[in-house]
Amino acid sequence: MKRRLCILLVALLLAPLAAFGETALLVISTERSVQGVMLMDEKDEVVSSTISQAENNDGIDWTLRVTDNGSQQATLYTRDANGNWLRTGRTYQMSSFFGYAAPTPQPAAAPEASWPQASYDGIPVSVYPLPEDERYQSRCGPSRSYHGAGAYKTYKISSIQALFIEDGYVLVDLDYTTVGRRRLYFQTKIFTGLGGVPQVTLSSYSAKTNCALTPRFGPSNVYNDFEEAAIGAGTSLSVFFEENGWVFAEFDCELGPVRAWIPTENVEAR
């Protein structure tokens, strides 16, 4: 049954007191087919009584006495011709009837990330030069079991800085003339000047993506998109740490397991 409801008069206050048991009047207009109206609070308790009803040109005006019982809000119900009470979905804040301020909802505290914040200073290093037609193979993680992340000619390296050493591989920040800036793993044996580079054992923290995305090769938009490692929403992640609003994480994609960088806003702890 189609019902048209509108408020004609709200809160004709008898006394603006916050004490429970105070009452206020509310006039509601309905269609003529409605046989009764009432307000019910969130505990399914009736908080109104009908004082009068009067027909108007379009329907019926119902005058209700609303009682303050400490509830936060009340929902309007109407009774049909068969005696059934129907929830209309229209709700009222009880504070609007009795002149006291409703509690201000407090925003939920953002959950703290379970992974640490970390930043590694880049240490300039050198690679042993190769003939012009030879390349060094990089990896998406610290072993040969990770997919290759490109092979690089030494004479095209604009700059290279080591961040840390892990399991015989170095994570470097590489600037390459033809592809730009990337963070990649290379075997330690190709470098000189690793003396001050820290050795690490990374701990992982369980997380997941909250949307489909394309990771990057480093923790900012300055680094290249890692298009081959695109993943969907709900992808499981092993997060190692967060830097500059990005997490360094390992996950499975079409290339197999890889490590790359994902914006923190797209990651949820499990």
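Next up on the list: the overall build of the chain. When its secondary structure is counted, the chain shows 1 helix and 20 strands. A burial count over the chain gives 43% of its 270 residues as buried. The long-range share in the chain, meaning contacts at least 24 apart out of those at least 6 apart in sequence, stands at 58%.

Within the structure shown, the criterion is met by 2 cavities of 30 Å³ or more. Estimated volume of the largest cavity: approximately 80 Å³. Looking at the largest cavity, it is lined by 14 residues, and the ones nearest its centre are C140, R183, L184, F217 and R259. Contributions of two or more residues to the lining of the largest cavity are made by β14 (180-187) and β19 (256-263). For the lining of the largest cavity, the class distribution of residues is 10 nonpolar, no polar and 4 charged. Size it by volume and the second largest cavity reaches roughly 30 Å³. Together, V127, Y136, Y152, I157, I160, F186 and I190 line the second largest cavity. When the residues that make up the lining of the second largest cavity are grouped by side-chain class, the tally is 7 nonpolar, no polar and no charged.

Moving on, we come to the nonpolar core. In terms of nonpolar packing, the biggest core is built from 38 residues, with F186, F191, L237 and F251 touching the most fellow members. At the level of elements, β11 (148-152), β12 (157-166), β13 (169-176), β14, β17 (236-243), β18 (246-253) and β19 are the ones that each hand at least two residues to this core. Membership of the second largest hydrophobic core comes to 17 residues, among which are A24, V34, V37 and A74.

With that settled, the discussion passes to the environment of L174. Inspection of the secondary structure puts L174 in strand β13. The exposure class of L174 is buried, given its relative accessible area of 1%. With residues up to four places along the chain from it excluded, the contact list for L174 reads Y152, I157, S159, I160, G180, R181, R182, L184 and F186.

Throughout the structure, instances matching the rule amount to 7 salt bridges. Across the pair R181 and D173 runs a salt bridge, and its minimum N-O distance is 2.9 Å. The partner of R183 in a salt bridge is D173, with the nearest N and O atoms 3.1 Å apart. A residue pair is termed long-range when its members are at least 10 positions apart, and R183 in strand β14 and D173 in strand β13 qualify at 10 residues. For R183, a relative accessible area of 12% corresponds to the buried category.

Right, let's talk about unusual backbone geometry for a bit. Notably, D44 is not glycine yet its phi reads approximately 65°, a positive angle. Topologically, D44 is positioned in the loop between β3 (36-41) and β4 (48-55). The exposed category is assigned to D44, whose relative accessible area is 56%. The backbone of D167 shows a phi angle near 55°, a positive value even though the residue is not glycine. Looking at the element boundaries, D167 is found in the loop between β12 and β13. Looking at D167, the relative accessible area reads 63%, which means it is exposed.

Across the sheet, 3 strands lie side by side as β3-β6-β7; this open sheet has antiparallel pairing. At either end of the open sheet lies a strand with only one pairing partner, and these are β3 and β7 (85-93). Averaged over all neighbouring strand pairs, the angle between strand axes comes to 30°, with direction disregarded. Pairing of strand β6 (residues 73-79) with β7 involves 6 bridges; the strand directions are antiparallel. From the neighbouring strand, T75 faces β7, where its bridge partner is T91.

Rules and cut-offs
Each chain carries its own residue numbering, running from 1 in the written order of its sequence. Confidence filtering applies because this is a predicted model: local features only for residues at pLDDT of at least 70, side-chain atom pairs given and counted only at 80 or more, and all residues used for totals across whole chains, interfaces and linings. Only hydrogens and water are set aside when side-chain values are computed; all heavy atoms of the structure are taken into account. Strands here are runs of E lasting at least two residues and helices are runs of H or I lasting at least four, both read from the DSSP assignment and numbered beginning at the N terminus. Buried residues are those whose accessible area, probed at 1.4 Å on protein chains only, stays under 20% of the maximum for their type, while exposed residues exceed 50% and partly exposed ones sit between those limits. Whether two residues are in contact is decided by their heavy atoms: any pair within 4.5 Å suffices. Here the term cavity refers to a set of points on a 1 Å grid, laid over the protein atoms alone, in which a 1.4 Å probe fits but cannot get out; the term pocket refers to an open set having protein on both sides within 12 Å along at least five of seven lines, with lining residues being those that place an atom within 4 Å of a point. Grid points are joined across faces, edges and corners, and a volume is the space filled by probe spheres set on the points. Gly is put with the polar residues, along with every residue not named as nonpolar or charged; the nonpolar set is Ala, Val, Leu, Ile, Met, Phe, Trp, Tyr, Cys and Pro, and the charged set is Asp, Glu, Lys and Arg. Put simply, buried Ala, Val, Leu, Ile, Met, Phe, Trp, Tyr and Cys residues joined by side-chain atoms within 4.5 Å make one nonpolar core. The rule for a salt bridge is simple: a side-chain nitrogen of Lys or Arg has to be within 4 Å of a carboxyl oxygen of Asp or Glu. Two strands form a pair only when DSSP identifies at least two bridges running between them. Fitting a line to C-alpha atoms yields each axis, with helices limited to the stretch in contact; the angle taken between N-to-C directions then spans 0 to 180 degrees.

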